[in-house]
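Here's the letter readout for the chains.
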Amino acid sequence: MATTVLITGATSGIGLETARLLSKNGFDLILCGRREERLINLKEELSKFSNIKTLKFDVSNQKEVKRVLGGLDIVPDVLLNNAGNAHGLSAIQDGDIADWDAMIDINVKGLLYVSKAIIPSMIEKGGGHIINIGSIAGKEVYPNGNVYCASKYAVDAISQGMRIDLNKNGIRVSSINPGMVETEFAKVRFKGDEELAENAYKGYQPLKPQDIADIIHFIITRPKHVNIADLLVLSTDQASTTVFNKNL
Ligand code: NDP
Ligand code: 8X3
């Protein structure tokens with residue numbers, strides 16, 4: 001039987017390219033996101049390669065997560081907790097509370113709600129694999145990153161905690177922490193300001209979402225006794241959150 005992977009945030013960026021790569025490699029997928037039209041198109045695109053199920057929900061809506069994932073008739077072998085974004089880039093004294101709420105609600109609480117809905121069935125099945133997408137921002141704080149960094153530090157702590165608590169259940173927990181990846185991330189962070197979004201990726205070669213998809217494919221195809229626990233992945237042009245080899 002094919003391995004089933006549930007991907008949150010499959011409508012764009014890292015999640016989308018991971019869905020494409022895994023489907024082409026024969027993995028069955030449960031693809032999640034809020035943008036229904038994208039989910040429909042993705043199902044149409046990938047159904048020729050593997051079985052695709054789509055689920056539309058907001059990870060930060062606890063009731064919705066419980067209702068939608070509680071109704072699943074398949075236990076995913078792999079849960080990819082990828083949905084998330086930065087909202088804004090401001091000094092702490094200038095931060096927008098709605099942005100802070102969004103980042104904590106989606107990146108931290110959303111990841112927890114989804115995990116809470118899936119983990120019991122993995123335990124009952126006797127195993128599984130959870131991959132959490134953290135960030136370099138969860139390893140190193142940078143100017144104006146404050147609450148986004150806090151949300152990703154939380155993901156780092158949750159990944160470590162999951163690895164410890166689920167150790168006895170044979171559930172692998174992996175954490176991937178990318179540096180800059182060219183996706184819709186900057187567009188969301190800068191609220192649709194195209195110029196600011198483009199600047200985020202200007203003058204150097206950032207990672208591509210396909211690079212992270214490749215790594216996810218590698219991680220989930222290791223033998224059962226191997227867990228890639230924690231990875232920091234940077235483009236060659238990036239050395240830290242603030243040091244880039246830019247050619248501007
Ligand atoms: P994108 O903006 O391209 O994709 C974000 C995905 O998350 C979308 O599919 C979006 O789907 C989904 N999402 C956002 N909010 C919600 C929500 N409330 N409920 C359900 N789904 C949601 O960004 P990336 O692909 O870059 O981001 C993926 C992950 O990678 C994030 O966790 C991000 O923090 C992390 N990351 C990104 C880096 C980068 O430089 N790009 C670097 C390090 C980490 P929809 O809008 O349809 O709901
Ligand atoms: C995304 C990378 O450096 O913008 O997590 O926080 S960064």
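Asks: Can you lay out empty space enclosed by the protein for me, pointing to particular residues and giving the numbers?
Replies: Overall, the coordinates contain two cavities of 30 Å³ or more when judged by the stated rule. Volume-wise, the largest cavity comes out at about 90 Å³. What lines the largest cavity is a set of 15 residues, and nearest its centre among them are His87, Gly88, Ser90, Met103 and Asn146. Counting only elements with at least two residues in the lining of the largest cavity, the list comes to α4 (97–125) and α5 (146–165). For the lining of the largest cavity, a count of residues per class yields five nonpolar, seven polar and three charged. By volume, the second largest cavity is sized at about 40 Å³. Around the second largest cavity sit Thr8, Val59, Asn81, Asn82, Ala83, Ile106, Gly110, Leu111 and Val114, which together line it. Considering each element in turn, the lining of the second largest cavity owes the most residues, four residues, to α4. Here the residues of the lining of the second largest cavity sort into five nonpolar, four polar and no charged.

Asks: Explain the environment of Lys116 to me, and be specific about the residues and the numbers.
Replies: Within the element layout of this structure, Lys116 appears in helix α4. Sequence separation between Lys116 and Gly170 is 54 residues; the distance between their C-alpha atoms is 17 Å.

Asks: Outline the site of ligand 1, supporting the account with residue identities and numerical values.
Replies: Near ligand 1 lie 29 residues; those nearest to it are Thr11, Ser12, Arg34, Tyr148 and Thr183. Here an oxygen atom of ligand 1 and a backbone polar atom of Ile14 are 2.9 Å apart. Take Thr183: an N or O atom from its side chain is 2.7 Å from an oxygen atom of ligand 1. In isolation ligand 1 exposes 880 Å². Once the protein is present, 98% of that is buried. Taking a 2 Å distance to the grid points as the criterion, the majority of the atoms of ligand 1 fall inside the largest pocket.

Asks: Explain the packing of aromatic side chains residue by residue, including any values.
Replies: Within this structure, the stated rule accounts for two aromatic pairs. In this structure, Arg222 packs its charged tip against the face of Phe218, placed 3.8 Å from the ring centre. A cation over an aromatic ring shows up here: Lys246 above the ring of Phe244, its NZ or CZ 5.2 Å from the ring centre.

What counts and how
Residues numbered from 1 in each chain as written. Chains lettered and ligands numbered in written order. Predicted model: local features only at pLDDT ≥ 70, side-chain atom pairs only at ≥ 80, totals over all residues. Heavy atoms only, no water. 1 Å grid on protein atoms, 1.4 Å probe; cavity = no way out; pocket = protein on both sides within 12 Å on 5 of 7 lines; lining within 4 Å. Points joined across faces, edges and corners; volume = space filled by probe spheres on them. Helix = DSSP H or I, 4+ residues; strand = E, 2+ residues; numbered from the N terminus. Nonpolar A, V, L, I, M, F, W, Y, C, P; charged D, E, K, R; others polar. Near = heavy atom within 4 Å. Polar contact = N/O pair within 3.5 Å; in protein donor to acceptor, adjacent residues only side chain to side chain. Areas by Shrake-Rupley, 256 points an atom, 1.4 Å probe, with all protein chains shown as cover. Sits in = over half its atoms within 2 Å of the grid points. Phe/Tyr/Trp six-rings, centres within 6.5 Å; stacked < 30°, edge-to-face > 60°. Lys NZ or Arg CZ within 6 Å of the ring centre and 35° of its normal.

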